[in-house]
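Fold and contact review
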Amino acid sequence: MSDFTELTTDPIDITSVARRVVPSECGATVTLDGYARRFTKDKQTGETRETDYLVYEAYEPMAVREMQKLVEQAKAEFEISNVGIVHRLGKLEIGETSVVISVSAPHRRAAFTACEWLIKELKRTVPIWKKEVYADGEVWVEGESALKP
Amino acid sequence: MSDFTELTTDPIDITSVARRVVPSECGATVTLDGYARRFTKDKQTGETRETDYLVYEAYEPMAVREMQKLVEQAKAEFEISNVGIVHRLGKLEIGETSVVISVSAPHRRAAFTACEWLIKELKRTVPIWKKEVYADGEVWVEGESALKP
Amino acid sequence: MKVNVLFFGVTADIIGVRELELTAEEPTTAGSIINQLSRQHPALANHKLLIAINEEYADANTVLNDGDELALFTAVSGG
Amino acid sequence: MKVNVLFFGVTADIIGVRELELTAEEPTTAGSIINQLSRQHPALANHKLLIAINEEYADANTVLNDGDELALFTAVSGG
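Treat the numbers as computed from the prediction; the structure is a model and nothing was measured.

**Let's talk about the interface of chain A and chain B**
Frequently, the measure chosen for interface size is the accessible area that the parts lose on association. Between chain A and chain B, the contact holds 32 residues from the first and 32 residues from the second. Of the roughly 2700 Å² buried between chain A and chain B, counting both surfaces, carbon and sulfur atoms make up 49%. On inspection of chain A and its partner chain B, the count reaches four salt bridges. In this structure, Glu116(A) engages Arg109(B) in a salt bridge whose closest nitrogen and oxygen atoms are separated by 2.4 Å. Linking chain A with chain B are 18 residue pairs in polar contact (both at pLDDT 80 or more), by the criterion used here. Contributions of two or more residues to the side of chain A that touches chain B are made by α1 (14-20), β2 (28-35), β7 (97-105) and α3 (108-125) of chain A. Split by residue class, the side of chain A that touches chain B holds twelve nonpolar, nine polar and eleven charged. Of the strand pairs in this sheet, β2(A) and strand β2 (residues 28-35) of chain B are connected by five bridges, and their pairing is antiparallel. Bridge pairing links Leu32(A) to Val30(B) in β2(B).

Structure, rendered in structure tokens:
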């Protein structure tokens, strides 16, 4: 019944994240989930590579602080009730959930808008990195974001 | 790995709905879930009533057809991969999930837009009705929609 | 001709059954069936009714054919 | 003064450790620490680095204080 921002090395259950942000007066929950993809297109070469598994690593205390800041900003900016963000760390098999962001709101419009804003900002500011491991090597993915404005 | 539209009297697991729409090339899934609320504000009187439980009823074959039409329209209009819609029927206790709409897409923007469009249209066109049962009575909720345009 | 009429939620409560087989003169519109039912069940007139014929939305002026399935219900409230 | 420097992902791979305690003359900026590390580990210069001081984003001109925790990492890629 309140906000939460967590890092976990355990599998993430989407349902339980979505349910934990539900206050009794709310009408809708919008949930974004990201997951480990089998195929990734290389932005430079355009080639598609098959991923074996992923590894996520975080600057943990700062990542939690940045996620909490995002929750505070979202609640100040949008008419929403509660926000839950859980990001998985460690090794993820293909298809496993890497991140879940659930937003509850009296009106679903605000929940959609806030959820979309939160994932965009999380990918830009929260110090978490993804390593893609292929049959023939591995690479730390570098984000597209510039320094924080 | 494909689209589905279902009515069920069983509890809905959000995770399994979200996962069933995930193709291996996709990057994001956006999921809307609606659920049985404890408190409802009466639109005429402004009073808040406490609901004991809900009952959903459908014109089942037409409801499935209308949901399938929405999926076809969404896939024609938005750059999305798969859509899953599951609506629960029968008696729902407070907090139980009534509807889940999951949309997967290569780019999350389209998933958000399509998911929001789908729940709006479902509430307007799909022949399903909700009965709210209170301590002192019950009422079939009438939607706000006019006839289908 | 015969028309099968289905009711849901509010309309099922008013009519007291979920399904009726009606016999009507041709041509008959959905609207004339509603009028006929409203005379027997005045509460029906308190609600804005939606109409579906053979599982597709239709309007009150639609002429019915023998064997059609006509569904009468109030504005939907799923979700 | 002493500064604790943390590395993650790409930077940890290049430096070969996840944490270093550096001794520096005052005043020292985050940028000068990066320059010093880049001389020993030229691969660091191939990457655009983000800087955090005591768990807050900062820029290269920020002057460090004794005991600060400086984190150096490439653009984040969570989600």
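**Focus on the sheet that holds strand β1 (residues 4-8) of chain A**
Pairing is mixed in the open sheet, where eight strands are placed in the order β1(A)-β5(A)-β7(A)-β2(A)-β2(B)-β7(B)-β5(B)-β1(B). One side of each edge strand has no neighbouring strand; the edge strands of this open sheet are β1 of chain A together with β1 (4-8) of chain B. Between one strand axis and the next, the sheet turns through 10 degrees on average, direction left out of account. Taken together, the five bridges between β1(A) and strand β5 (residues 82-88) of chain A define a ladder with parallel strand orientation. What sits directly across from Leu7(A), in β5(A), is His87(A). Against the sheet, helix α2 (residues 60-77) of chain A contacts β1 and β5 of chain A, and its axis sits at roughly 150 degrees relative to β1(A). Across the face of the sheet, helix α3 (residues 108-125) of chain B comes into contact with β2 of chain A together with β2, β5 (82-88) and β7 (97-105) of chain B while running at roughly 145 degrees to β7(B).

**Brief notes about the packing of aromatic side chains**
A complete count under the given rule lists twelve aromatic pairs over all chains for this structure. Here the aromatic rings of Trp129(B) and Phe8(C) are separated by 5.1 Å at their centres, their planes lie at 15 degrees, and the arrangement is stacked. With Trp129(B) in strand β8 (residues 128-134) and Phe8(C) in the loop between β1 (2-7) and α1 (10-15), this residue pair bridges two chains. Looking at Trp129(B), the relative accessible area reads 1%, which means it is buried. Taking relative accessible area as the criterion, Phe8(C) reaches 8% and is therefore assigned buried. Taking the centre distance of 6.2 Å and the plane angle of 75 degrees together, the rings of Tyr57(C) and Phe73(C) count as edge-to-face. A residue pair is termed long-range when its members are at least 10 positions apart, and Tyr57(C) in strand β4 (residues 56-58) and Phe73(C) in strand β5 (residues 69-74) qualify at 16 residues. Taking relative accessible area as the criterion, Phe73(C) reaches 0% and is therefore assigned buried. Put simply, the rings of Tyr59(A), Trp129(A), Phe8(D), Tyr57(D) and Phe73(D) pair up and form one aromatic cluster.

**Observations concerning helix α2 (residues 30-40) of chain D**
Residues and elements named next belong to chain D. For α2, every residue scored as buried is listed here: Ala 30, Gly 31, Ile 33, Ile 34, Leu 37 and Ser 38. Burial along α2 is one-sided: seen end-on, the buried residues are contained in an arc of 155 degrees. Opposite the buried face of α2, by more than 90 degrees, sit the exposed residues Arg 39 and Gln 40. Close packing links the buried residues of α2 with β1 (2-7), α1 (10-15), β2 (19-23), β3 (49-53) and β5 (69-74).

**Considerations on the interface of chain C and chain B**
With 26 residues of chain C at the contact, the number on the chain B side is 30 residues. Counting the surface lost from both chain C and chain B, the interface buries some 2400 Å², and carbon and sulfur atoms represent 55% of this. Interface area lost by chain C to chain B is led by Glu55(C), Tyr57(C) and Gly79(C), which between them contribute 29%. On the surface where chain C and chain B come into contact, there are four salt bridges. The closest approach of N and O atoms between Arg18(C) and Glu57(B), which form a salt bridge, is 2.3 Å. For the pair chain C and chain B, the interface holds 19 residue pairs in polar contact (both at pLDDT 80 or more). Every element with two or more residues in the side of chain C that touches chain B is listed here: β1, α1, β3 (49-53), β4 and β5 of chain C. Considering each element in turn, the side of chain C that touches chain B owes the most residues, four residues, to β5(C). A class-by-class count of the residues in the side of chain C that touches chain B yields 13 nonpolar, seven polar and six charged.

Thresholds, definitions, all that
- Residue numbers run consecutively from 1 along every chain, following the written order of its sequence.
- Here chains are named by letter from A upward and ligands by number from 1 upward, in the order in which they appear as written.
- Given that this is a predicted model, residues contribute local features only at a pLDDT of at least 70 and side-chain atom pairs are listed and counted only at 80 or more, while totals for whole chains, interfaces and linings are drawn from all residues.
- Where side-chain values are given, they derive from all heavy atoms of the structure, hydrogens and water being excluded.
- Only heavy atoms matter for contacts: two residues are in contact if any of them lie within 4.5 Å across the pair.
- Here the quantity called buried area is the accessible surface, traced with a 1.4 Å probe, that two parts lose on coming together, added over both.
- The term salt bridge refers to a pairing of a side-chain nitrogen on Lys or Arg with a carboxyl oxygen on Asp or Glu at a separation within 4 Å.
- Pairs of N or O atoms within 3.5 Å make up the polar contacts considered here, provided that, within protein, one atom can donate a hydrogen while the other can accept it, and that residues adjacent in sequence are counted only when both atoms are side-chain atoms.
- Working definition: helices are DSSP H or I runs of at least four residues, strands are E runs of at least two. Numbering for both runs from the N terminus.
- When residue character is reported, Ala, Val, Leu, Ile, Met, Phe, Trp, Tyr, Cys and Pro are called nonpolar, Asp, Glu, Lys and Arg charged, and the others, Gly included, polar.
- Pairing between two strands is assigned when DSSP locates at least 2 bridges connecting them.
- Orientation is described by axes fitted as lines to C-alpha atoms, over the contacting stretch for helices, and by angles from 0 to 180 degrees between their N-to-C directions.
- Any Phe, Tyr or Trp ring, taking Trp's six-membered ring, that has another such ring centre within 6.5 Å forms a pair; planes under 30 degrees apart are called stacked, those over 60 apart edge-to-face, and the others tilted.
- Accessibility here uses a 1.4 Å probe with only protein chains present; expressed as a share of the type maximum, an area under 20% marks a residue as buried, one over 50% as exposed, and anything in between as partly exposed.
- In this description, the arc belongs to the directions extending from the helix axis to the C-beta atoms.

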